[in-house]
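Descriptive analysis of the structure
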Amino acid sequence: MDALLQRINQNALNIQASSIRAFDEHISKIDGMIKLTLGEPDFSTPDHVKQAGIVAIEGDESHYFPTPGSLKLRQAASHFLNNKYQLRYDANTEVIVTVGATEALFASLLTVLNPGDKVVVPSPFFGMYQSMIRLIGGEPILIDTSADNFILTAEKLEAAFAEHGDAIKAVLINYPSNPTGAIWTEEQAKAVAKVLEDRPVFVISDEVYSELVYEGKHVSLGHFLPEQTIVINGLSKSHAMTGWRVGLVFAKAPVMEQVTKVHQQLVTTATSISQEAAYEALQNGANDAEPMREAYQARRDFVYQTMTELGFTIAKPNGAFYIFARIPEDLEQDSYQFALDVAEHARVGFIPGSGFGPGGEHHVRLSYAASMDDLEEAMKRIKEYITSLR
Ligand SMILES: Cc1ncc(COP(=O)(O)O)c(C=O)c1O
């Protein structure tokens with residue numbers, strides 16, 4: 001067996017299983033734990049969407065759909081993006097439906113990267129980016145954004161090009177951001193676009209949290225760099241549909257032609273039942289995220305205020321459902337140890353910031369996609385624990 005295992009793809013051997021899940025599993029054994037660890041809406045999929053799934057099952061929608069996804073869903077997705085964010089993509093040639101945003105990201109990276117290519121990733125970042133890039137044999141170039149309120153600046157991007165030059169094949173952007181909740185302004189996005197516009201570099205723009213923006217508005221690089229940008233979106237967060245596994249890729253036709261081939265090799269096509277439900281979600285539930293967004297915003301305000309009063313430093317997040325908090329200087333500074341202490345003594349689950357890359361150490365991430373009751377109890381426990389330490 002050992003001899004066999006040694007022959008497994010080195011890139012596969014080298015990637016780590018998700019540190020978030022590992023930490024979550026570790027602390028889940030503690031009795032009475034309130035977990036603010038996983039990035040998943042606590043809402044149910046809207047009823048009309050569930051109903052469409054049931055109708056699809058009963059109507060025997062159990063066959064392969066076209067590789068790019070059903071045309072009506074692609075049309076609804078194209079319309080959704082145009083209406084919401086003024087991004088224009090032809091449903092026939094510039095939109096595909098994937099198995100979650102995860103497959104959308106992987107298919108896009110696999111399409112663009114050769115082994116050895118470098119990909120700029122602003123850090124702290126969503127862990128899967130690094131493992132996907134590495135699995136393909138690429139190299140992530142991590143840019144620490146913690147001194148810039150977690151926004152990639154044009155200056156730091158220029159510096160990365162000065163250092164790595166043409167080896168940089170792509171830039172992977174994620175606003176609203178997991179884990180920081182940061183969103184960028186039009187000016188900030190424009191400045192980054194300016195650095196990229198004359199370079200043959202792809203932008204992979206993961207916009208899965210685009211419907212969860214509180215103050216300000218969602219800005220996509222697809223606006224400023226339509227030819228270079230591959231936009232990733234999906235229904236997991238906007239319609240509380242993580243388990244249905246529906247993602248979307250939008251890109252200009254010549255690029256999409258290639259992404260579609262890769263998508264076909266990976267999965268043939270996305271699930272038919274889920275596509276029927278997703279069509280209903282985008283066609284008749286374009287604003288389904290609104291009540292969720294309002295609830296998240298109230299929770300964000302509550303958690304932000306409580307944690308700030310306790311001495312955590314937080315760049316106020318304007319999107320997604322995460323708070324990325326700098327641990328107060330009078331407390332344990334190792335984020336893994338701090339999160340472990342909090343889990344054991346306060347029975348509240350945070351994720352150590354160190355797992356999110358450069359700029360993440362000394363922070364913890366918490367997800368406020370949890371009920372207000374749980375958040376109130378969690379904040380009460382944290383307050384008591386930290387008070388007891390001081
Ligand atoms: C930034 C980001 N991108 C992509 C995904 C994956 O989304 P999906 O569940 O649609 O595959 C997540 C899930 O947490 C995420 O936070």
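As a convention, each chain's residues are numbered from 1 in the sequence order in which they are written. In view of the model being predicted, local features appear only for residues whose pLDDT reaches at least 70, and side-chain atom pairs are presented and counted only at 80 or more, with totals across whole chains, interfaces and linings using the full set of residues. As a rule here, side-chain values come from all non-hydrogen atoms in the structure, and water together with hydrogens is ignored.

In terms of helices and strands, the protein chain carries 14 helices and 13 strands. Taken against the 2.2 N^0.38 rule, which gives 21 Å for 390 residues, the C-alpha radius of gyration of the protein chain at 21 Å falls within 12% of a compact globule. Projected onto its principal axes, the C-alpha positions of the protein chain cover 60 × 55 × 55 Å. For every residue, the accessible area obtained with a 1.4 Å probe (protein chains only) is divided by the maximum for its type, and the residue is called buried under 20%, exposed over 50%, and partly exposed between those limits. Buried residues in the protein chain amount to 54% of all 390 residues. Whether two residues are in contact is decided by their heavy atoms, any of which lying within 4.5 Å being enough. Counting only contacts in the protein chain whose residues sit at least 6 apart along the sequence, the fraction spanning at least 24 positions is 75%. To be clear on the numbers: accessible area is Shrake-Rupley with a 1.4 Å probe, and residue cover counts the displayed protein chains and nothing else. In the structure as shown, the protein chain presents an accessible area of about 16800 Å², 49% of it carried by carbon and sulfur atoms. The average position of the 32 basic charges and that of the 50 acidic charges among the side chains of the protein chain differ by 1 Å. A run of H or I in DSSP becomes a helix once it reaches four residues, and a run of E becomes a strand once it reaches two; helices and strands are each numbered from the N terminus. With the radius of gyration taken over C-alpha atoms, the globule rule is written as 2.2 Å times the number of residues to the power 0.38. By the counting scheme adopted, Arg and Lys are positive, Glu and Asp are negative, and His together with the chain ends is not counted. Each charge is placed at NZ for Lys, CZ for Arg, CG for Asp and CD for Glu.

Sheet architecture is open: seven strands sit in the order β2-β8-β7-β6-β5-β3-β4, paired in mixed fashion. Lying at the two open borders of the sheet, with one neighbouring strand each, are β2 (95–98) and β4 (139–144). Neighbour-to-neighbour, the strand axes of the sheet open up by a mean angle of 20°, direction not taken into account. DSSP-based pairing: two strands are paired if at least 2 bridges between them are found. Sheet topology places strand β3 (residues 118–123) next to β4; six bridges connect them, and they run parallel. Bridge assignment links V119 to a residue of β4, and that residue is P140. Orientation is described by lines fitted to C-alpha atoms, with helices fitted over the stretch in contact, and by angles between N-to-C directions that extend from 0 to 180 degrees. Packed onto the sheet, helix α5 (residues 71–85) meets β2, β7 (229–234) and β8 (247–250) and runs at close to 110° relative to β2.

We now examine the domain arrangement of the protein chain. Each domain's extent was defined by an automatic or database domain assignment. Domain parsing of the protein chain yields domain 1 (2–44 + 289–389) and domain 2 (61–284). Distance from the C-alpha centre of domain 1 to the C-alpha centre of domain 2: 24 Å. Counting residues at the interface gives 30 residues for domain 1, matched by 32 residues for domain 2. Here the quantity called buried area is the total loss of accessible area, with a 1.4 Å probe, experienced by two parts when brought into contact, counted for both. Roughly 2700 Å² is buried in total at the junction of domain 1 and domain 2, and carbon and sulfur atoms are behind 60% of that figure. When a carboxyl oxygen of Asp or Glu is within 4 Å of a side-chain nitrogen of Lys or Arg, the pair counts as a salt bridge. Inspection of the domain 1/domain 2 interface yields one salt bridge. For the salt bridge of R300 with E215, the shortest nitrogen-to-oxygen distance reads 3.0 Å. Pairs of N or O atoms within 3.5 Å make up the polar contacts considered here, provided that, within protein, one atom can donate a hydrogen while the other can accept it, and that residues adjacent in sequence are counted only when both atoms are side-chain atoms. Counting across the interface, domain 1 meets domain 2 through 16 residue pairs in polar contact (both at pLDDT 80 or more). When contributions to the side of domain 1 that touches domain 2 are tallied by element, the ones reaching two or more residues are α2 (10–14), α12 (289–309), β10 (322–326) and β13 (363–367). Ranked by residue count, the leading element in the side of domain 1 that touches domain 2 is α12, at six residues. For this classification, Asp, Glu, Lys and Arg are treated as charged, while Ala, Val, Leu, Ile, Met, Phe, Trp, Tyr, Cys and Pro are nonpolar and the rest, including Gly, are polar. In terms of residue class, the side of domain 1 that touches domain 2 is built from 16 nonpolar, ten polar and four charged.

It is worth spelling out the UniProt feature "domain: Aminotransferase class I/classII large" (unreviewed entry) in the protein chain at this point. UniProt positions are given in the numbering used here, feature names are shortened, and annotations may be inferred rather than shown by experiment. The UniProt record annotates "domain: Aminotransferase class I/classII large" (unreviewed entry) at residues 33–382. Helix and strand shares over residues 33–382 are 41% and 16% respectively, and the end C-alpha atoms of the span are 12 Å apart.

Another aspect to go through is the sheet that holds strand β12 (residues 351–352). Taken in spatial order, the four strands line up as β9-β10-β13-β12 in an open sheet, and their pairing is antiparallel. The sheet is open, and its two borders are formed by β9 (313–314) and β12, each paired with just one other strand. Sheet topology note: the β12/β13 ladder contains two bridges and is antiparallel. Paired with I351 across the bridge in β13 is R365.

With that settled, consider the nonpolar core. The set of buried Ala, Val, Leu, Ile, Met, Phe, Trp, Tyr and Cys residues whose side-chain atoms join them within 4.5 Å is what this entry labels a nonpolar core. Counting residues in each nonpolar core, the largest one holds 100 residues, and the members touching the most others are L196, L221 and F350. It is helix α6 (residues 100–112) that contributes the most residues to this core, seven residues altogether. Residues lining this core come from more than one domain, with at least three contributed by each of domain 1 (2–44 + 289–389) and domain 2 (61–284). When near neighbours in sequence (up to four residues on either side) are disregarded, L196 contacts L157, F161, V171, V201, V203, L221, L225 and Q228. Of all hydrophobic cores here, the second largest spans 22 residues; its members include A77, F80, L235 and L282.

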